[in-house]
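Here is how the chains run, residue by residue.
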Amino acid sequence: MKKKADEYLYNEAIKYLGKYPATKKKITEHLKKKIRNKKIYQMTIFPDDIDKDELVNNIIIKLDKFKIINEALYLESMFNYYTRSLFSIRKIKNKLYQKGFDKNDIDEHISIQLQKNPKLEIEILKEYFSKKNIEHLGSDELKKKLFQMSFSEDAIYNLIKE
């Protein structure tokens, strides 16, 4: 019975990853949702005596071992996507956290990116400023708009100073 449940969950994880890139947390949530599904088929392969959390953890370990999940690469990809989307650093952190990345991994990655390019947020802000055509706004309106977009006070000050 355990082998059948293990095989079912592994196939569900692979199916999910075929459609969407995902973090370990997202895959865990997806598999637990599949286990909770009340269909009779699921009830037969997930009897009450099986430790369902252990089963899901084993699947995650197997996916990690076979390098099917690469969170570091996915994190880098999403960070670059959000940077190109002209999101502030604070907003990028929130988006990555919502995607299911570990907070420490996010903080570490962003700090590395900021070490490589200390003016990253200012560059994003300049690009945002030129693309969104907001030069006509007065100083106070501009500050308000940029604060709403979660840009840091320091970056906004540097942009206005220029």
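In case you missed it, the structure is sitting above this.
Given the structure is predicted, the values throughout are model-derived calculations rather than measurements.

Caption draft 1: Looking closely at the overall build of the chain. The helix and strand inventory of the chain stands at 10 helices and zero strands. Overall, the chain shows an N-to-C arrangement of helices and strands of α-α-α-α-α-α-α-α-α-α. The C-alpha radius of gyration of the chain comes to 22 Å, more than 25% above the 15 Å expected for a compact globule of 162 residues. When its C-alpha atoms are laid out on the principal axes, the chain stretches across 65 × 30 × 20 Å. A burial count over the chain gives 38% of its 162 residues as buried. Taking all contacts inside the chain whose residues are at least 6 apart in sequence as the whole, residues at least 24 apart take part in 65%. For the chain, the exposed area adds up to about 10,600 Å²; of that, 51% sits on carbon and sulfur atoms. Here the chain holds 34 positive side-chain charges and 25 negative ones, and the gap between their average locations is 5 Å.

Caption draft 2: Up close: the packing of aromatic side chains. Applying the stated criterion across every chain yields a total of five aromatic pairs. With a centroid separation of 5.7 Å and an interplanar angle of 50 degrees, the aromatic rings of Y128 and F151 are classed as tilted. A residue pair is termed long-range when its members are at least 10 positions apart, and Y128 in helix α8 (residues 120-131) and F151 in the loop between α9 (139-148) and α10 (153-161) qualify at 23 residues. One exposure class covers both Y128 and F151, and it is buried. Every member of this aromatic cluster is reached through a ring pair, and the members are Y81, Y82 and F87.

Caption draft 3: Geometry of α10. Looking only at α10, the buried set comprises A155, I156, N158 and L159. The buried residues of α10 occupy an angular sector of 165 degrees when the element is viewed end-on, so they sit on one face. The exposed residues of α10 that point more than 90 degrees off its buried face are E153, D154, Y157 and K161.

Caption draft 4: Structural view of helix α5 (residues 71-84). For α5, built from 14 residues, the straight-helix expectation of 20 Å at 1.5 Å per residue is met to within 8% by its first-to-last C-alpha distance of 20 Å. When we look at burial in α5, the residues that qualify are E71, Y74, L75, M78, F79, Y82 and T83. Down the axis, α5 shows its buried residues gathered within 165 degrees of arc, on one side only. Those residues of α5 that are exposed and aimed more than 90 degrees away from the buried face are L73 and R84. Where the residues of α5 are buried, they touch α2 (24-36), α6 (89-99), α7 (103-116) and α8. Once α5 finishes, L86 follows within two positions and takes phi at roughly 65 degrees, a positive value.

Caption draft 5: Quick look at the pattern of salt bridges. Summed over the entire model, instances satisfying the criterion amount to eight salt bridges. With a shortest N-O distance of 3.3 Å, K62 and D6 are connected by a salt bridge. Pair noted here: K62 is in helix α4 (residues 52-65) and D6 is in helix α1 (residues 2-19), with a separation of 56 residues, a long-range link. A residue is classified by how much of its surface remains accessible, and K62, at 26% relative accessible area, is partly exposed. Of the charged contacts in the structure, one is a salt bridge between E12 and K15, with a shortest N-O distance of 3.0 Å.

Caption draft 6: Layout of unusual backbone geometry. We note that K67 has phi near 60 degrees; this positive angle belongs to a residue other than glycine. Structurally, the position occupied by K67 is in the loop between α4 and α5. In this structure K67 comes out as exposed when scored by relative accessible area, which is 70%. One non-glycine residue, L86, lies in positive phi territory at about 65 degrees. On the secondary structure map, L86 appears in the loop between α5 and α6. Among the residues examined, L86 registers a relative accessible area of 9% and is labelled buried.

About the thresholds
Residues numbered from 1 in each chain as written. Predicted model: local features only at pLDDT ≥ 70, side-chain atom pairs only at ≥ 80, totals over all residues. Heavy atoms only, no water. Helix = DSSP H or I, 4+ residues; strand = E, 2+ residues; numbered from the N terminus. Rg over C-alpha atoms; globule rule 2.2 N^0.38 Å. Buried < 20%, exposed > 50% of the residue type's maximum accessible area, 1.4 Å probe, protein only. Contact = heavy atoms within 4.5 Å. Areas by Shrake-Rupley, 256 points an atom, 1.4 Å probe, with all protein chains shown as cover. Lys, Arg positive; Asp, Glu negative; His and termini not counted. Charge placed at Lys NZ, Arg CZ, Asp CG, Glu CD. Phe/Tyr/Trp six-rings, centres within 6.5 Å; stacked < 30°, edge-to-face > 60°. Arc of directions from axis to C-beta. Expected span 1.5 Å × (residues − 1). Salt bridge = Lys/Arg side-chain N within 4 Å of Asp/Glu carboxyl O.

Read these as spatial facts, not as claims about activity.
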